[in-house]
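What follows is each chain in one-letter form.
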Amino acid sequence: MEEDSEEKEMLRPLLSDDSSLFTKERDHKSSERVIAPEKSLDEILRKLNELEAEIRGLENKEERTSREEEVKERSAELDEIDYAILKAVSYGMVTFKDLSRKLQIKMFAVEKHVDKLISMRYLRFFKHLILTDRGVNAIADYEERESEEVWKPIDEFITSVGKVDEARRERIQRLVDKALLVAVTILIILIIYFGFF
């Protein structure tokens with residue numbers, strides 16, 4: 001019983017028709033500016049749109065900062081294979097087959113690492129792999145972060161593979177040039193031979 005009476009005492013101000021509550025509310029309303037109904041609705045909608053745009057801007061800013069932090073964390077996760085792939089793409093090895101053959105890495109591993117680098121937006125893939133600006137920055141960050149004993153041998157290996165490839169291409173080109181020269185010479189001799197007879 002006592003509890004019921006205590007509850008009633010606590011609720012009495014809310015249940016009673018206390019005129020002081022109404023006057024406070026009325027005073028508050030009278031101090032506000034009176035706006036025409038059409039204008040108030042338009043103004044409310046405009047303010048809601050502004051608030052929504054502001055909230056979206058904050059969300060986009062938070063997403064961008066979280067995405068940038070994630071990329072920085074991932075760039076710290078770059079290992080030697082990722083660096084080698086990025087560096088090889090910067091030197092012109094732009095297909096999976098080239099990367100696998102020239103870097104002497106299994107195709108599955110190349111695909112896995114390239115997929116990771118594409119998701120981190122260091123590489124793009126259309127017909128060939130393309131190094132993005134973030135990829136260039138990631139290479140520079142890796143070289144700054146790691147000692148020369150780590151990245152220098154990788155870089156030298158990739159350049160030596162490129163030089164060997166270039167020398168092979170030059171030899172093949174010279175061989176093709178010689179074969180074409182012999183073929184043209186034989187053709188000229190045949191034309192002269194059949195021209196006189």
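Residues numbered from 1 in each chain as written. Predicted model: local features only at pLDDT ≥ 70, side-chain atom pairs only at ≥ 80, totals over all residues. Heavy atoms only, no water.

## Points about the packing of aromatic side chains
Phase 1: As enumerated under the stated definition, the model contains three aromatic pairs in all.
Phase 2: A centroid spacing of 4.7 Å and a plane angle of 20° characterise the contact between Tyr83 and Tyr142, whose relative ring orientation is stacked. One end of the pair, Tyr83, is in helix H4 (residues 80–90); the other, Tyr142, is in helix H7 (residues 133–145), with 59 residues separating them in the sequence.
Phase 3: According to the relative accessible area criterion, Tyr83 is buried, its value standing at 1%.
Phase 4: Ring centres of Phe96 and Phe125 lie 5.6 Å apart, and the angle between their planes is 55°; on these two criteria the pair is classed as tilted. Placement of the pair is Phe96 in helix H5 (residues 96–103) and Phe125 in strand S1 (residues 123–125), with a sequence separation of 29 residues.
Phase 5: Since its relative accessible area comes to 41%, Phe125 is described here as partly exposed. (Phe/Tyr/Trp six-rings, centres within 6.5 Å; stacked < 30°, edge-to-face > 60°. Helix = DSSP H or I, 4+ residues; strand = E, 2+ residues; numbered from the N terminus. Buried < 20%, exposed > 50% of the residue type's maximum accessible area, 1.4 Å probe, protein only.)

## Some remarks on the packing of H4 against helix H8 (residues 148–196)
Phase 1: As a packed pair, H4 and H8 sit with axes 10 Å apart at the nearest point and diverge in direction by 40°. Here H4 lies oblique to H8, going by the angle between them. Once H4 is placed against H8, the crossing between them reads as right-handed. Contacts between H4 and H8 involve Glu80, Tyr83, Ala84, Lys87 and Ala88 from the former and Val150, Trp151, Ile154, Asp155 and Ile158 from the latter.
Phase 2: Taken together, the residues of the contact of H4 with H8 sort by class into seven nonpolar, no polar and three charged. (Axes fitted to C-alpha atoms, helices over the stretch in contact; angles between N-to-C directions. Parallel < 35°, antiparallel > 145°, perpendicular 65-115°, else oblique. Left-handed = near helix turned anticlockwise from the far one by under 90°. Contact = heavy atoms within 4.5 Å. Nonpolar A, V, L, I, M, F, W, Y, C, P; charged D, E, K, R; others polar.)

## A few points about the confidence of the model for the protein chain
Do not read the predicted coordinates in detail wherever pLDDT is low.
Phase 1: For the protein chain, per-residue confidence averages 78 on the pLDDT scale, and residues scoring 70 or more make up 73% of the total.
Phase 2: Confidence drops under a pLDDT of 50 for residues 21–26, and excluding neighbours within four residues, the segment shows one contact in the predicted structure. (pLDDT = per-residue confidence, 0-100.)

## With respect to the pattern of salt bridges
Any two side chains of opposite charge can pair if their charged atoms end up close together.
Phase 1: All chains considered together, the criterion is met by nine salt bridges.
Phase 2: Here Glu166 and Arg169 are joined by a salt bridge, their closest N and O atoms 3.0 Å apart. Highlighted residues: Glu166 and Arg169, both in helix H8, separated by three residues, approximately one helical turn.
Phase 3: Residue classification places Glu166 among the partly exposed residues on the basis of a relative accessible area of 36%.
Phase 4: Overlapping salt bridges bring together Lys102, Asp165, Glu166, Arg168 and Arg169 as one network. (Salt bridge = Lys/Arg side-chain N within 4 Å of Asp/Glu carboxyl O.)

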